[in-house]
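Structure at a glance
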Amino acid sequence: MSAAVSGARPRPRPPTEERPTERPAAVAPRRGLSGAFARGAGGVFALVRRLAGMTLASRALGFVRDVLMATTLGAGACADAFLLAWTLPNLARRIFGEGAFSSALVPVFVDARARGDHDGARRLVGGAVVRLGVALALLTLLLELACAGLRSGPGLAALAALGVAEAGLARADLALDLTQRLLPYLPFVCLAGVLGGALHALGRFAVPALAPCAINAAWIAALLVLGPLVPDPVQQVRLLAAVLSVVGGVELLAHLRDLRRAGVPVAPATPDPAAWARVRRMFGGLLLGAVLFQANALMDSFVAYALVPEGGTSALFYANRLTQLPIGVLGVALATAIFPEVARRAKQGDLTQAGALVDRGVAVAAFVALPAALGLAALAGPLVDLLFRRGAFDAAAAERTARVVLLLAPAVVAACATPVIARGLHAEEEVALPVRVGAACVGLNVVLGLSLVGPLAEAGLALATSVSQTTGLVALAWLARRRRLARGERPAGRETLAAFGRALALSTVMAAAAWGVHAALPGPALARVVAAVLAGAAVYAAGALALRAPEARALLQRGA
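Predicted model only: the values in this text are computed from it and were never measured.

Looking only at helices and strands, one finds 21 helices and zero strands in the protein chain. Within the protein chain, the fraction of its 560 residues that count as buried is 52%. Entry remark: accessible area of the protein chain is about 23,500 Å², with carbon and sulfur atoms responsible for 67%.

Right, dumping it as structure tokens:
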């Protein structure tokens, strides 16, 4: 049994494998994000704060975009078709880009650079981009042909034979048309996600964090221009799809440029066979879990589109946008910042310290996710009314969306904490355990979703998501703890539970304060919501200060 598995002290590395004392200035700058990250664990949680700030800019633009979408298209047939078509490239990005492939590449890339094999790391990235690019080009072509086939006479006749009414055929044709127009965006955004993983490993976070701003800004500009100039909503969404495909190419170029500036130019290359075999082995396992999870999300959209009255897909989308704000700003920032450092410690054989960093990350995730979840639940109706209820987005659409937000809120905690645990396992090149847990939770979500969609419509799908993701978090945490105990570690179980309990108690008081302030105050909706949010934040901050919560200190510390 190896030292890494048994928990014994790892053997010292031979001199040839030691990390070089000198690194090019372009690769390890001493200022900004890279400097904070390079200083180690002391800078990881400070980096979370900075990443969250950059991501918040993108999310703010995303909300402006969604408000314009709701105002321009409402929650009708065109909005449903476009959002369904937009789901496909987003799913591919999460599977191939920011998900399975990136998680498989980063530990091997970090290991190569830690051993001083900078040329091998460069060749690994170049070979990965070429191979994935070819695969994505073929996938895009096949999907284009499949959509064209379904839109043809025989394809439409087959759908009609399945019992799809004429109105349903028109909706399906529009969704397939928009899917074809958005498919060119798919390879661009997936490759950008992979390159973003390499940039994270180099301590360069700005371009991956801010690149989505370009997509949102282009989306907003297109809506502002197309709204008054193109009255037909069908033509509006067709032109919007074309604009987004072009901007996806610009996003990819920005990532390539930043990698070149970091001293890792991307060019066709043949990676080391052993390193590439490790990437492929990890990718195979991670791909299964990612496909299951994302296919499950896609199924929710299809179920809503097919079995829920018109507007269900849009209600799910806008509710997800609200719940994704804390996940994207806080949860993703935490997992992004912690992963390269955990991988670096694991590759150095220090699994105990890697596990301790994961424990600390889970506690911080609870500290930021629980108040966000309970705050969303307390103010679901006022937030939806304030952000979306205008123009074509009427009171009925707002009520449906608020109900979905309320039932999706518990999933925020799982979506922030689960990736931290999973990334700790990925850093050790353990992929089977998260995949098994994910597969079981997908099955649970499917059963619950199909059972609840009848009586609760789109709200039933939201409830199924929250139950299955929370179950997945508990199961993965328990199994990861057993794995660490088996090799002689002592995970911070009591401390983590104490952190969850402390955050839950503070968040309950915070949510009650926010709801009470909103209910008691007169005046415009914006002023009431802002006052409620500020009151809740003040109560939570005061409570954390009174209890001397270590998670707050971790987030407020400076890089060591």
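From this point, the discussion proceeds with the structure in view.
Another point: the packing of helix α5 (residues 100-114) against helix α6 (residues 118-151). The contact between α5 and α6 brings their axes to 8 Å, and the two run at 160°. With respect to α6, the axis of α5 lies roughly antiparallel. Here α5 runs over α6; the crossing is right-handed. Contact residues: α5 offers Phe101, Leu105, Val108, Phe109, Ala112 and Arg113, while α6 offers His118, Ala121, Leu124, Val125, Ala128 and Leu132. Its residues assigned to classes, the contact of α5 with α6 shows 10 nonpolar, one polar and one charged.

Let us look at the nonpolar core. Met69, Phe82, Leu240 and Phe388 are the most contacted members of the largest nonpolar core, which has 163 residues in total. For this core, the element with the most residues is helix α16 (residues 395-427), which contributes 16 residues. When sequence neighbours within four positions are dropped, the list of residues in contact with Phe82 reads Met69, Leu178, Leu182, Trp219, Val237, Leu240, Ala241 and Leu244.

So, about the side chain of Arg113. Mapping Arg113 onto the fold places it in helix α5. Here Arg113 occupies a buried position and makes no salt bridge, while the nearest side chain of opposite charge, Asp117, is found at 9.2 Å. Reaching out from Arg113, the side chain makes a polar contact with the side chain of His118 at a distance of 3.1 Å.

This next bit is on the pattern of salt bridges. Throughout the structure, instances matching the rule amount to 25 salt bridges. Two residues, Glu458 and Arg400, come together in a salt bridge whose shortest N-O distance is 2.9 Å. You can see Glu458 sitting in helix α18 (residues 458-486) and its partner Arg400 sitting in helix α16, a full 58 residues away along the chain. Residue Glu458 is classed as buried on the basis of its relative accessible area, which comes to 2%. In this structure, Glu551 engages Arg502 in a salt bridge whose closest nitrogen and oxygen atoms are separated by 2.9 Å. Residue Glu551 is located in helix α21 (residues 550-556), and its partner Arg502 is located in helix α19 (residues 493-520); the two are separated by 49 residues in the primary sequence.

To continue, consider helix α9 (residues 185-201). Between its first and last C-alpha, α9 extends 25 Å over 17 residues, near the 24 Å set by a 1.5 Å rise per residue. For α9, the tally of buried residues reaches 16 of 17 residues, placing the bulk of the element in the interior. Remark: Gly203 follows α9 within two positions and exhibits a positive phi of approximately 80°.

The next subject is the packing of aromatic side chains. Considering all chains together, one arrives at 10 aromatic pairs under this definition. Between Phe101 and Trp276, the ring centres sit 6.4 Å apart and the planes meet at 55°, which makes this aromatic pair tilted. In this pair, Phe101 sits in helix α5 while Trp276 sits in helix α12 (residues 273-307), placing the two residues 175 residues apart along the sequence. Residue Phe101 is classed as buried on the basis of its relative accessible area of 5%. Ring centres of Phe367 and Tyr540 lie 5.3 Å apart, and the angle between their planes is 50°; this geometry places the pair in the tilted category. Of this pair, Phe367 sits in helix α14 (residues 351-378) while Tyr540 sits in helix α20 (residues 525-547), placing them 173 residues apart in sequence. The buried category is assigned to Phe367, whose relative accessible area is 11%. A network of ring pairs unites the aromatic residues Phe82, Trp86, Tyr185 and Trp219 as a single cluster. Sitting over the face of the ring of Trp219, Arg65 holds its NZ or CZ atom 4.0 Å from the ring centroid. Here the basic side chain of Arg131 rests over the ring of Trp276, its NZ or CZ set 5.2 Å away from the ring centre.

Next up on the list: unusual backbone geometry. We note that Glu429 has phi near 65°; this positive angle belongs to a residue other than glycine. Among the residues examined, Glu429 registers a relative accessible area of 13% and is labelled buried. A positive phi angle is found at Ala457, which is not glycine, with a value near 55°.

Let us now look at the environment of Leu252. Note that Leu252 resides in helix α11 (residues 233-261). A residue is classified by how much of its surface remains accessible, and Leu252, at 12% relative accessible area, is buried. Those residues in contact with Leu252 that lie beyond four places of it in its chain are Phe188, Leu191, Ala192 and Leu195.

With that settled, the discussion passes to the packing of α14 against α19. Two elements in contact, α14 and α19, have axes separated by 8 Å at closest approach and are oriented at 20°. Between α14 and α19, the interaxial angle falls into the category roughly parallel. Where α14 crosses over α19, the handedness of that crossing is right-handed. For the pair α14 and α19, contact is made by Asp359, Val362, Ala363, Ala366, Phe367, Leu370, Pro371, Leu374, Gly375 and Ala378 and by Thr496, Ala499, Phe500, Ala503, Leu504, Ser507, Thr508, Met510, Ala511 and Trp515, respectively. Residue classes in the contact of α14 with α19 are distributed as 15 nonpolar, four polar and one charged.

With that settled, the discussion passes to helix α15 (residues 380-388). Regarding α15, the residues found buried are Ala380, Leu383, Val384, Leu387 and Phe388. Relative to the axis of α15, the buried residues are bounded by an arc of 95° and lie together on one face.

On the surface, a cluster of nonpolar side chains totalling about 250 Å² of accessible area is made up of Val130, Val134 and Leu138. Tracing the sequence through the fold places Val134 in helix α6. Given the relative accessible area of 49%, Val134 is considered partly exposed.

The next point concerns the environment of Ala146. Along the chain, the position of Ala146 falls in helix α6. It is 9.4 Å that separates the C-alpha atoms of Ala146 and Gln180, two residues lying 34 residues apart in sequence.

So, about the confidence of the model for the protein chain. Across the protein chain, the average pLDDT comes to 83, with 89% of residues at 70 or higher. Long-range and interchain partners of residues 1-41, a stretch whose pLDDT sits below 50, account for 67 contacts in this model, where long-range means more than four residues apart.

The rules we used
Residues numbered from 1 in each chain as written. Predicted model: local features only at pLDDT ≥ 70, side-chain atom pairs only at ≥ 80, totals over all residues. Heavy atoms only, no water. Helix = DSSP H or I, 4+ residues; strand = E, 2+ residues; numbered from the N terminus. Buried < 20%, exposed > 50% of the residue type's maximum accessible area, 1.4 Å probe, protein only. Areas by Shrake-Rupley, 256 points an atom, 1.4 Å probe, with all protein chains shown as cover. Axes fitted to C-alpha atoms, helices over the stretch in contact; angles between N-to-C directions. Parallel < 35°, antiparallel > 145°, perpendicular 65-115°, else oblique. Left-handed = near helix turned anticlockwise from the far one by under 90°. Contact = heavy atoms within 4.5 Å. Nonpolar A, V, L, I, M, F, W, Y, C, P; charged D, E, K, R; others polar. Core = buried A, V, L, I, M, F, W, Y, C linked by side-chain atoms within 4.5 Å. Lys, Arg positive; Asp, Glu negative; His and termini not counted. Salt bridge = Lys/Arg side-chain N within 4 Å of Asp/Glu carboxyl O. Polar contact = N/O pair within 3.5 Å; in protein donor to acceptor, adjacent residues only side chain to side chain. Expected span 1.5 Å × (residues − 1). Phe/Tyr/Trp six-rings, centres within 6.5 Å; stacked < 30°, edge-to-face > 60°. Lys NZ or Arg CZ within 6 Å of the ring centre and 35° of its normal. Arc of directions from axis to C-beta. Patch = residues over 30% accessible without salt bridge, like charges linked within 9 Å, V, L, I, M, F, W, Y side chains within 5 Å. pLDDT = per-residue confidence, 0-100.

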